[in-house]
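A structural walkthrough
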Amino acid sequence: MRYSVKPIHCRPWTLNGLSLKLIESHYENNYGGAVRRLNAITQQLEALDFATAPGYAVNGLKREELIAMNSMILHELYFASMGGDGQPIKPMVEVLTRDFGSLERWRAEFRAMGYALGGGSGWVVLTYVPREGRLVNQFAAEHSQAIAGGVPVLALDMYEHAYHMDFGANARAYVDTFMRNLEWTALFKRYEDAPKVQPPRPLVQEEFGDLPGVDVEEVKAMMAAGQPVQVIDVRPRHFVSRQQEIAEGIEWRDPEQLQQWMGDLSKSEPVVVYCAYGFHIGCKTAIALREAGFDARYMRGGHSAWKAIGAPTKMHT
Ligand SMILES: [Fe+2]
């Protein structure tokens, strides 16, 4: 397959403070070079006999393919990031305020990251992360780092080839000039497209689909706030004896003996039960408690999630 060179989006003659000479050299030599390199690497990969090729040859070509491909993609985004009047548009200001507190806060962080990369090489990338449904300013050294599954929406090139011709070592002046040329409308359109990428699918337990669950952070917060809640560890006996630890402030009860201890619980306060990882034992216990008239829920992720958030445990006696 052949990768094609895309046209330069930013209308170089409209840029304020960046010379045509710099932009043309950047586009033709560095961006064009990445696409040409990517095509040459692809050809070599297509010709490679993977059954006999030594590991270092496979590693080398696949690493160079990644670098060239990211260089191609980020350069296209970089050139498409400029060509505007640098005046933020309202819907994009609202998005940045939601995710960074204020436009100024986002801009200060993005700029500072560019200044900090001055004299080094890399990228500053504003990336939408579907998992969190928000934007993050991402640091990238070389061309080979990107947020996995992220959707980049704005890129600042901090390789010296992007500014040295016009700015010498004054990377700060280059960053400020870049910001003055931002194409905010195009940036917002890319942001509008980004959330169409679906976040990773959440865990679905079809057999317990209707059972109400509660996140471990919420349980910890309820306990810390002194809210009336009866939290019970119902891991199977063999789990507790193997791990010998239990969440601090929480009692263990044997799920096999549910009928014996259920009567000790109050029906006027909510009950939260959990097992090792938040699957069958915790869910089934919660169902049995609900059938007996308790306001019971299971804790998602179970004991392991409790430990994963760094909540305290103690030895079980
Ligand atoms: Fe570049």
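Rules used in this analysis
Residues numbered from 1 in each chain as written. Predicted model: local features only at pLDDT ≥ 70, side-chain atom pairs only at ≥ 80, totals over all residues. Heavy atoms only, no water. Pairing = 2+ DSSP bridges. Helix = DSSP H or I, 4+ residues; strand = E, 2+ residues; numbered from the N terminus. Axes fitted to C-alpha atoms, helices over the stretch in contact; angles between N-to-C directions. Salt bridge = Lys/Arg side-chain N within 4 Å of Asp/Glu carboxyl O. Buried < 20%, exposed > 50% of the residue type's maximum accessible area, 1.4 Å probe, protein only. Donors = N, O, S within 2.8 Å, 3.2 Å for Na, K, Ca; no water. Tetrahedral: all angles 85-135°; square planar, octahedral: opposite > 155°, others 65-115°.

1. A word on the sheet that holds strand E1 (residues 122-129)
- Pairing within the open sheet is antiparallel, and its three strands lie in the order E2-E1-E3. Two strands in the sheet have a free side with no partner beyond their single neighbour: strand E2 (134-141) and strand E3 (151-157). Going from strand to strand, the sheet's axes swing by 20° on average, the running direction of each strand aside.
- In terms of strand pairing, E1 meets E3 through six bridges, oriented antiparallel.

2. Examining the pattern of salt bridges
- For the coordinates displayed, the defined rule picks out 11 salt bridges.
- Salt-bridge contacts for Asp215 lead to Arg300; the nearest nitrogen and oxygen are separated by 2.9 Å. Residue Asp215 is located in the loop between strand E4 (213-214) and helix H8 (216-224), and its partner Arg300 is located in the loop between strand E9 (296-299) and helix H12 (302-308); the two are separated by 85 residues in the primary sequence.
- For Asp215, a relative accessible area of 36% gives the class partly exposed.
- When its relative accessible area of 37% is taken as the criterion, Arg300 is described as partly exposed.
- Residue Glu251 pairs with Arg253 through a salt bridge whose shortest N-O separation is 4.0 Å.

3. Some points on the coordination of the iron ion
- Protein ligation of the iron ion involves His26 (NE2), His75 (NE2), Asp157 (OD) and His161 (NE2), the donor distances falling in the range 1.8 to 2.1 Å.
- Around the iron ion, the four donor atoms are arranged such that angles at the metal cover 85 to 130°; this shape is classified as irregular.
- Of note, the donors binding the iron ion are all from one chain and are spaced H-x48-H-x81-D-x3-H. Taken together, the residues span a long stretch of sequence, with His26 in helix H1 (residues 20-47) and Asp157 in strand E3 at a distance of 131 residues.
- Classification of Asp157 by relative accessible area gives buried; the value is 0%.

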